[in-house]
Each structure stands twice: as C-alpha cells, then as structure tokens.
Amino acid sequence: MKQAELISNEGILLSRPANQLLNDFGAGRAAPGSGSAAALLSLLSAKMICTVCNISSNKEKNHLLRQQFQFIKDSIESEI
C-alpha cells in the first residue's frame with residue numbers, strides 16, 4: 001500500500017496526529033473508514049516485521065537464520 005493511497009477528502013491520513021487519526025477512525029464516517037484503518041495496520045505490521053528481522057539477524061545466536069530474515073525483509077519491502 002503506497003502512502004498516496006492513504007488519502008481522504010480531508011488530506012493525507014499519515015500526516016495527521018495519531019490522536020486525531022484514531023478519533024477519525026472511531027467517528028464512524030466513511031473517510032477515513034475501515035479500509036484506511038486496515039491499510040494503516042498493514043503498513044505498521046510490515047514495518048514491525050522488518051524491525052524484528054533486523055534485530056534478530058544481528059544476534060549472534062541467530063547467525064544461521066540471517067538469510068531467512070533477509071529474505072522475509074526483502075519480500076516485505078518489495079511487495080509493500
């Protein structure tokens with residue numbers, strides 16, 4: 001999901017303060033609606049998975065898994 005796709009009639013959703021965005025989602029209006037909320041959660045999840053892959057691959061005990069972590073991270077970054 002590209003940032004440009006997270007746009008409502010009132011502007012880019014990602015530029016709003018978190019509190020305002022959460023209130024907007026909870027207001028029950030059509031925009032931003034559940035689709036925008038799902039897109040935001042998907043982006044957040046993807047970023048968190050990449051962070052976990054980076055941290056985990058830097059741990060010496062996970063040295064045998066580094067290629068797998070890199071594959072996961074590369075897949076997410078190229079698809080999302």
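It should be emphasised that the depicted structure is a prediction, and the values quoted were computed from it without experimental measurement.

**Student:** Any chance you could explain the overall build of the protein chain here in plain terms?
**Tutor:** On a plain count of helices and strands, the protein chain comes out with 3 helices and 2 strands. Ordered by position from the N terminus, the helices and strands of the protein chain form the series β-β-α-α-α. In the protein chain, which comprises 80 residues, the proportion classed as buried is 25%. Nonlocal contacts in the protein chain, meaning residues at least 24 apart in sequence, comprise 27% of its contacts between residues at least 6 apart. Surface summary for the protein chain: the accessible area is close to 5800 Å², and the carbon and sulfur share equals 58%.

**Student:** Explain the state of the cysteines here, please?
**Tutor:** Note on terminology: a disulfide is the covalent bond linking the sulfur atoms of two cysteines. As enumerated under the stated definition, the model contains 0 disulfides in all. Cysteine Cys50 is unpaired, with the sulfur of Cys53 as its nearest cysteine sulfur at 6.3 Å. Classification of Cys53 as buried rests on a relative accessible area of 6%.

**Student:** In this structure, what is going on with helix H2 (residues 34–57)? I would like to understand it.
**Tutor:** For the α-helix, the turn length of 3.6 residues means that residues three or four positions removed from each other point alike. Counted at 1.5 Å a residue, the expected span for H2 with its 24 residues is 34 Å, and the 34 Å between its end C-alpha atoms agrees. Restricting attention to buried positions, one finds in H2 the residues Ser36, Ala39, Leu43, Ala46, Cys50, Cys53, Ser56 and Ser57. On its buried face, H2 is in contact with helix H1 (18–26) and helix H3 (66–79).

**Student:** What exactly am I supposed to notice about the layout of surface pockets here?
**Tutor:** Leftover empty space is mapped by rolling, across the atoms, a probe with the size of a water molecule. Of the volumes computed, that of the largest pocket is approximately 200 Å³. Leu14, Leu40, Leu43, Leu44, Ala46, Lys47, Cys50, Ile76, Glu77 and Ile80 are the residues that line the largest pocket. Mapped by element, the contributors of at least two residues to the lining of the largest pocket are H2 and H3. Top element by residues in the lining of the largest pocket is H2. It accounts for 6 residues.

Calculation notes
- Residues numbered from 1 in each chain as written.
- Predicted model: local features only at pLDDT ≥ 70, side-chain atom pairs only at ≥ 80, totals over all residues.
- Heavy atoms only, no water.
- Helix = DSSP H or I, 4+ residues; strand = E, 2+ residues; numbered from the N terminus.
- Buried < 20%, exposed > 50% of the residue type's maximum accessible area, 1.4 Å probe, protein only.
- Contact = heavy atoms within 4.5 Å.
- Areas by Shrake-Rupley, 256 points an atom, 1.4 Å probe, with all protein chains shown as cover.
- Disulfide = S-S within 2.5 Å.
- Expected span 1.5 Å × (residues − 1).
- 1 Å grid on protein atoms, 1.4 Å probe; cavity = no way out; pocket = protein on both sides within 12 Å on 5 of 7 lines; lining within 4 Å.
- Points joined across faces, edges and corners; volume = space filled by probe spheres on them.

Such coordinate-based values are descriptive only and should not be taken to indicate function.
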